[in-house]
Amino acid sequence: MMVEDAICSFCGCLCDDINVEVEENNVKRVRHACRLGSSKIMGHERIRSPMVRKDGELKEVSYQQAYERAAEILLAASKPLLYGWASTVCEAQKKGILLAEEVGGVLDSTATVCHGPSVIGIEEKGLPGATLGQVKNRADTIVFWGCNPAEAHPRHSLRYSSNACGRFTPEGRSAKRIIVVDVRETRTSKNADKQVIIQPGTDYEVISALRMLVAGKGDVVPDEVGGVAKKELASLAQMLLAAKFGAVFFGLGITHSRGRYKNIDNALSLVADLNSHTKFVIMPMRGHYNVGGIGQVLAWSSGYPMSVDFTRQAPYFNPGETAACDLLAKADTDAALIIAADPASNFPRKIVEELAKMPIIQIDPYENPTTLLADVVIPSAIAGVEAEGTAYRMDGLALRMRKLVNSSYPSDEEILDGILECVRSLRSAMRMQGGA
Amino acid sequence: MRAIMISGRTLAQGANCESKMSEDFFKAASSCHLSKEDYDLLGLSDGKNILLKNEFGKTVLSPRVDDGLRKGIVFVPMGPWANILIGPDTGGCGTPQFKGVEIDIEATNSPIMDIRELFGSVQRAEA
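Residues numbered from 1 in each chain as written. Chains lettered and ligands numbered in written order. Predicted model: local features only at pLDDT ≥ 70, side-chain atom pairs only at ≥ 80, totals over all residues.

Student: Lay out the overall build of chain A with the relevant residues and their values.
Tutor: Along its length, chain A carries 17 helices and 21 strands. Compactness check: chain A gives a C-alpha radius of gyration of 23 Å against a globular reference of 22 Å for 436 residues, within 12% of the reference. For chain A, the residues scored as buried account for 58% of the 436 residues in total. Sequence-distant contacts in chain A: of pairs separated by 6 or more residues, those separated by 24 or more amount to 69%. (Helix = DSSP H or I, 4+ residues; strand = E, 2+ residues; numbered from the N terminus. Rg over C-alpha atoms; globule rule 2.2 N^0.38 Å. Buried ≥ 20, exposed ≤ 12 C-beta atoms within 10 Å, placed from the backbone. Contact = placed C-beta atoms within 7 Å.)

Student: For the sheet that holds strand 16 (residues 316-317) of chain A, give the residues involved together with the corresponding values.
Tutor: Residues and elements named next belong to chain A. With mixed pairing, the nine strands of this open sheet are ordered in space as 5-4-19-18-17-6-7-15-16. Edge positions in the open sheet fall to strand 5 (57-60) and strand 16, since each of these has one partner strand only. Summarising the sheet, strand 7 (residues 106-109) and strand 15 (residues 308-309) pair through two bridges and their orientation is antiparallel. The residue bridging V106 from the neighbouring strand is D309, located in strand 15. Sheet contacts for helix 2 (residues 63-76): strand 4 (51-54), strand 17 (336-339), strand 18 (360-363) and strand 19 (376-378); angle to strand 19, the most-contacted strand, approximately 130°. (Pairing = 2+ DSSP bridges. Axes fitted to C-alpha atoms, helices over the stretch in contact; angles between N-to-C directions.)

Student: Hey, could you go over the packing of helix 3 (residues 90-103) of chain A against helix 12 (residues 291-302) of chain A for me, with residue numbers and the actual values?
Tutor: Residue and element names in this part refer to chain A. At a minimum axis distance of 9 Å, the contact between helix 3 and helix 12 shows a crossing angle of 45°. As judged from the angle between their axes, helix 3 and helix 12 are oblique. The hand of the helix 3/helix 12 crossing is right-handed. Each of C90, Q93, K94 and I97 in helix 3 lies in contact with helix 12, whose residues at this interface are G293, I294, V297, L298, S301 and S302. (Parallel < 35°, antiparallel > 145°, perpendicular 65-115°, else oblique. Left-handed = near helix turned anticlockwise from the far one by under 90°.)

Student: Describe in detail the pairing of strand 4 of chain A, supporting the description with residues and values.
Tutor: Residue and element names in this part refer to chain A. By the bridge criterion, four bridges tie strand 4 to strand 5 in an arrangement that is antiparallel. Each bridged residue has a counterpart across the sheet, and for K54 the counterpart in strand 5 is E57. In sequence, strand 4 turns back onto strand 5 through a hairpin of two residues, with D55 there showing a positive phi of about 50°. When strand 4 meets strand 19, the two strands line up antiparallel, connected through two bridges. Within strand 19, the position partnered with M51 by the bridge is V377.

Student: Before we move on, could you go through unusual backbone geometry and cite the residues and values that matter?
Tutor: Residues and elements named next belong to chain A. One non-glycine residue, E24, lies in positive phi territory at about 45°. Here E24 lies in the loop between strand 2 (18-23) and strand 3 (26-31). A count of 7 C-beta atoms within 10 Å places E24 in the exposed class. Positive phi, close to 50°, is recorded for A331, a residue that is not glycine. Relative to the assigned elements, A331 resides in the loop between helix 13 (324-329) and strand 17.

Student: Can you tell me about the interface of chain A and chain B, naming the residues and giving the values?
Tutor: Taken together, the contact pairs 59 residues of chain A with 44 residues of chain B. Considering each element in turn, the side of chain A that touches chain B owes the most residues, five residues, to helix 15 (residues 349-355) of chain A. Per-class residue counts for the side of chain A that touches chain B are 26 nonpolar, 16 polar and 17 charged. (Nonpolar A, V, L, I, M, F, W, Y, C, P; charged D, E, K, R; others polar.)

Student: Which residues make up the domain arrangement of chain A, and what are the values?
Tutor: Residue and element names in this part refer to chain A. Taken domain by domain, chain A holds domain 1 (47-114 + 289-435) and domain 2 (116-284). Of note, the centres of domain 1 and domain 2, computed from C-alpha atoms alone, are 35 Å apart. Split into classes, the residues belonging to the side of domain 1 that touches domain 2 amount to eight nonpolar, two polar and two charged. (Domains from an automatic or database assignment.)

Structure below.
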């Protein structure tokens, strides 16, 4: 059987033209996907059974036993962290928020080690955005700043940006001007008309210089900024001003570097400045396929897009205090539920060492370094492949992920429901004991 | 030698990020890309590994020449090997500084730790 126009559940591009060949409920072949998406949909070796650690070893248990142990851990903690959420669907995210409210925890997403600074920058300045469809159909000038879609979002250029053919861009790549700003040459920069190599950590200064040049105040710009000659920056500013419709895509090269959210703040200001002269939009290159979704679901349910503390009477958000890395670094959390993420691999080592000191519940289809530290391991169906649900593309467009094959594993949503039910019955038993 | 490290996605790292316990992920993420000039200066051509260290820790990786890098800048695929060198401070915004990290690099005969060895030394508390 061929499943046509399936949606890929790897990155924020959410490519919706994937054909998946299914035989006897197994994925046999994936067509149109990039290497990243194909690898994700084809799958890897799975965790076989739920497990609970006893005497230092993970021992196989039933799902119900794992849910009960997870509920005990969450209720015994004074401030549990519920972290991950980027590689699962909105329906599971919604259930996670309910669980965080019920147990009085902090819910944070992988955005905080990714585009968290973009989220903060956008809160400060607002986002002059567009859909990827608008970019495909209209943009004649594309800037990739601190991102390398050729390796992180391989089909972005062909489907939406530099090489896409759209209604008003029928000639595709040949009629577009592509600019890449980075600290190194990349596969993406090989496709550029103009490549600007800056010194690491100088994004803010270079953006400031461009803002001055765009505003016609080039006389205040020094001869060299961030290792780039003023003449080269002036030519870049002219290219930006000459655009009929320009689009800036930015990545972790700018959010992970010195300046972090202030870099984004400044980039947003540059795009706002450019809109005094021509049409320009800007968009973060979101990594995990539904990291946009957790931001949306958290925002409409709590008012905040990430790092939300539900231990108080009302949701509270203060990144630097309530973000996962800050909570762990300051030992301000005492248990963790990790879902659809691998912080043991992706957090700084010193923070992983703090995480290992507390009980960890892991919900994931695959074994990874977080499994090595976990006390409860609950294997799940792969959202977007074995379970359906909603996901948000990097431009904020909500798309429905279909189930491509059946699975004997429960979905993330079903697992969270199971834990929630155990939390409620355990709490009511505790109340009755307390009352007696 | 002093260097600036950046960490990030590569195609091979991304394609294996759901199979982190595999040999393929080990090959994809335990490498350090550097310019030919730095590679030669460190004397890495005779099969030696490269040691990266700073105040937060040290990690041994497999060196790879990358013509896209300027002298003094090294690239390590995102993952647990790179993250040994990342500090915990988030500058008040929740996000550690994964790029632009100051490190020292030198040639070494030490082996590269595999993923289980890497986490074997993490002290875990029994729940």
